[in-house]
Every structure is written in structure tokens, then in C-alpha cells.
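# Summary of structural features
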Amino acid sequence: PGYYVISRTNGTTNGVTITTAKPTAEVHDKNSLPGDLDKTTDKESAKVGDTINWELKVTASNYDDGKKVLNYTIWDNLSSDWAAIDTSTIKVFVNGTEISDWDLVSGSANGFKIDIPWVNTDGSFKYAPVVELKVTYSGTILNAAVANDPNAVENKNTADFEWDNETTPDVPGDGDETDTKVYNLGFTKVDGTNPTKTLAGAEFELYGSYNTETKEYSNPIKVKLVSEGLYIVDPEGATNTVISPADGQVVIQGLAEGTYYLTETKAPAGYNELTDPVEVTIAADPVDPITGEVTQK
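Residues numbered from 1 in each chain as written. Predicted model: local features only at pLDDT ≥ 70, side-chain atom pairs only at ≥ 80, totals over all residues. Heavy atoms only, no water.

Bringing the sheet that holds strand β4 (residues 38–41) into the picture now. Strand order in this open sheet of 5 strands is β4-β5-β12-β8-β9, and the pairing throughout is antiparallel. Looking at which strands have only one partner, the edges of the open sheet turn out to be β4 and β9 (97–99). Each adjacent strand pair in this sheet contributes to an overall mean axis angle of 30°, direction not counted. By the bridge criterion, 4 bridges tie β4 to strand β5 (residues 51–61) in an arrangement that is antiparallel. Looking at the pairing, Lys39 lines up with Leu56 of β5. (Pairing = 2+ DSSP bridges. Helix = DSSP H or I, 4+ residues; strand = E, 2+ residues; numbered from the N terminus. Axes fitted to C-alpha atoms, helices over the stretch in contact; angles between N-to-C directions.)

Its place among the elements puts Asp176 in strand β15 (residues 176–179). Taking relative accessible area as the criterion, Asp176 reaches 25% and is therefore assigned partly exposed. Taking the C-alpha atoms as reference, Asp176 lies 8.7 Å from Thr40; in sequence the two are 136 residues apart. With sequence-adjacent residues up to four places away left out, Asp176 is seen in contact with Leu37, Asp38, Lys39, Asn157, Thr158 and Ala159. A distance of 3.0 Å separates the side chain of Asp176 from the backbone nitrogen of Lys39, its partner in a polar contact. (Buried < 20%, exposed > 50% of the residue type's maximum accessible area, 1.4 Å probe, protein only. Contact = heavy atoms within 4.5 Å. Polar contact = N/O pair within 3.5 Å; in protein donor to acceptor, adjacent residues only side chain to side chain.)

This part is about the environment of Asp36. Checked against the element boundaries, Asp36 lands in the loop between β3 (27–29) and β4. For the pair Asp36 and Asp174, spaced 138 residues apart in the sequence, the C-alpha separation amounts to 5.1 Å. For Asp36, the residues in contact, after removing those within four places along its chain, are Lys57, Val58, Phe161 and Asp174.

The next thing to look at is the sheet that holds strand β16 (residues 183–188). Taken in spatial order, the 4 strands of this open sheet run β16-β22-β20-β19, and their pairing is mixed. Either end of the sheet is taken by a strand with one partner, and the two such strands are β16 and β19 (223–227). Put simply, the sheet's adjacent strands are angled 25° from each other on average, direction ignored. Two strands pair when backbone bridges link them, and β19 and strand β20 (residues 230–233) are joined in this way by 4 bridges, in the antiparallel orientation. When the bridges of β20 are listed, Leu225 appears paired with Tyr231.

On to the packing of aromatic side chains. Evaluated as defined, the whole model comprises 12 aromatic pairs. On the basis of an interplanar angle of 55° and a centroid distance of 6.3 Å, the ring pair of Tyr72 and Trp163 is categorised as tilted. Of this pair, Tyr72 sits in strand β7 (residues 67–78) while Trp163 sits in strand β13 (residues 156–165), placing them 91 residues apart in sequence. Here Tyr72 matches Trp163 in class, with each residue buried. Both rings, one in Phe187 and one in Phe204, keep their centres 5.3 Å apart while their planes meet at 75°; by these two values the pair is edge-to-face. Pair noted here: Phe187 is in strand β16 and Phe204 is in strand β17 (residues 203–211), with a separation of 17 residues, a long-range link. With respect to burial, Phe187 and Phe204 carry one shared label: buried. Pairwise contacts between aromatic rings join Tyr72, Trp118, Tyr127, Phe161 and Trp163 into one cluster. (Phe/Tyr/Trp six-rings, centres within 6.5 Å; stacked < 30°, edge-to-face > 60°.)

What follows is the structure, encoded as C-alpha cells:
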């Protein structure tokens, strides 16, 4: 094991490292560079209050074009206060094994920066010549998350990384980002025979699940009132009831993709309650790009 130079008959050379000869030798080019960072999330769509998990992966090497790598730095930033990162959930892995030898340089609900030392005090490397470096962490979706607004900043989470080699600090790598979508649900309560006549005072409860056989609802979506007819998802809310105002229009902000059920629990004066729930499916692409028709149910 060690570092060698392979010289070709055409005069070209490569510096390499051999890590083992049992059962086979692994040869790594010292002139290689760390790879690009890849960022993923377990939720491309989420509702207010959901926990969201992120994962960062990058191929980390001991050398940067022949120069010894001393340290890796990774940082993460949200585009706005649409989520709250929990820095206590940060974990760092090398080739799948969690390590504790890293430092939280700075951290808040909006982002963090961590340093990962790559050499020991005697100058030797801590890890194999080429490894998978992975960072995982979690956060919570807040009610400031942007929903269905093409003019607003998307709910982005951007991650970047850099490294220090023995001659140059802060060598930049290629970062990555994710975008988590949040949706609004709007409907209008109208007269069954005269759709131009809007109705006030209709009360609906919103659920995430409905059993068609038992006629039972579950997973109530708790909300809080923002203004007349406008509600926002609130996991700590006291109710899942929304009430139609004078114009009949109700908007519920902060929902994820999926199917929801509205059951009318109180009809306006002089009307009967709906006998069946109103099923609403929020899709990632609710509008047909060609016809402009709304495809969600």
C-alpha cells in the first residue's frame, strides 16, 4: 500500500494510490477531483407541519489534482422562511458509517455550515482515498411556505460544498438544490340549481382519509382562520372546520399533493346538507399545458 507514479511509454504519468492487494488491488488516481454534490428530499410536496428530510451525497477524495485535501465544508440554505431546519438532526456518514468528527460552524432554522476534517494531526488521512460522504438532516414545513404563486420565490433548499487543499483554501464544488411544493385548495359554495347564487354559512370539515364502506373519516386536517373565508393548515389548530363567507369562496392554504375529503356538517339556512363527501385530488400538474383545463378532481 502506498502512493506510486505510473509512467507510460508515451511519456505520460499518473500518480496513484494502492489501498490493498487482498483480495484485489484498488488503484485511485491522485489527479482526480471530488465529485459533484447531489441533494435529495423525501417530500417533493408537503403540507404545513410536515417533517421533511434531506440528504446530501458527494464523492470525496483525499486528493485534489495531486494536492492533499485537508478539510471539507458543506453548507445549506433555505430560499426563505418556508421551513425550519432542526440542526440537532444533522448526521454525517462516510461510506455508510456515521462519524462524529465534524463541527457545526454555524446553524439556524434557515440553514447551517459544517466542517469535516479530512486529515489527522500527523498529516495522515482519516478515510479511504475515495469515499461517499453523506449528510442527512430534517426540518418542518412552516405556514410561510409559498403555495401556487408563480411570482414568489419557490420553496428551495440549496446546498453547496468546498474543500481546503494544502495550497488553496475554499476550493468550490458544484452544489445542488431541491424544491418542495405546497398547494392551496379553493372552492365556492353555490345553490344546487342556480350556480351563480353563492351561499354563506355552509360548514365543512376537511379530512385526509375516508372509508367508503364504513363511511368513517380519519386524518382530520386542522386549520386556523386567517380572515373571512381564508384558512391555513395548522397542526396545532383546534378544528378542521371551514365556513363559507358571503361570496361562498373558501381557500385553504398549505396542503400537499394528495386526496382530501370535504364533508358538509351544516348547510346554509333553507338548504339540506350534502349526503356524500366532496373528494378533491391535488395533483402536481393540475392544469393541462395544451388545453388549459383543470385536471384535478
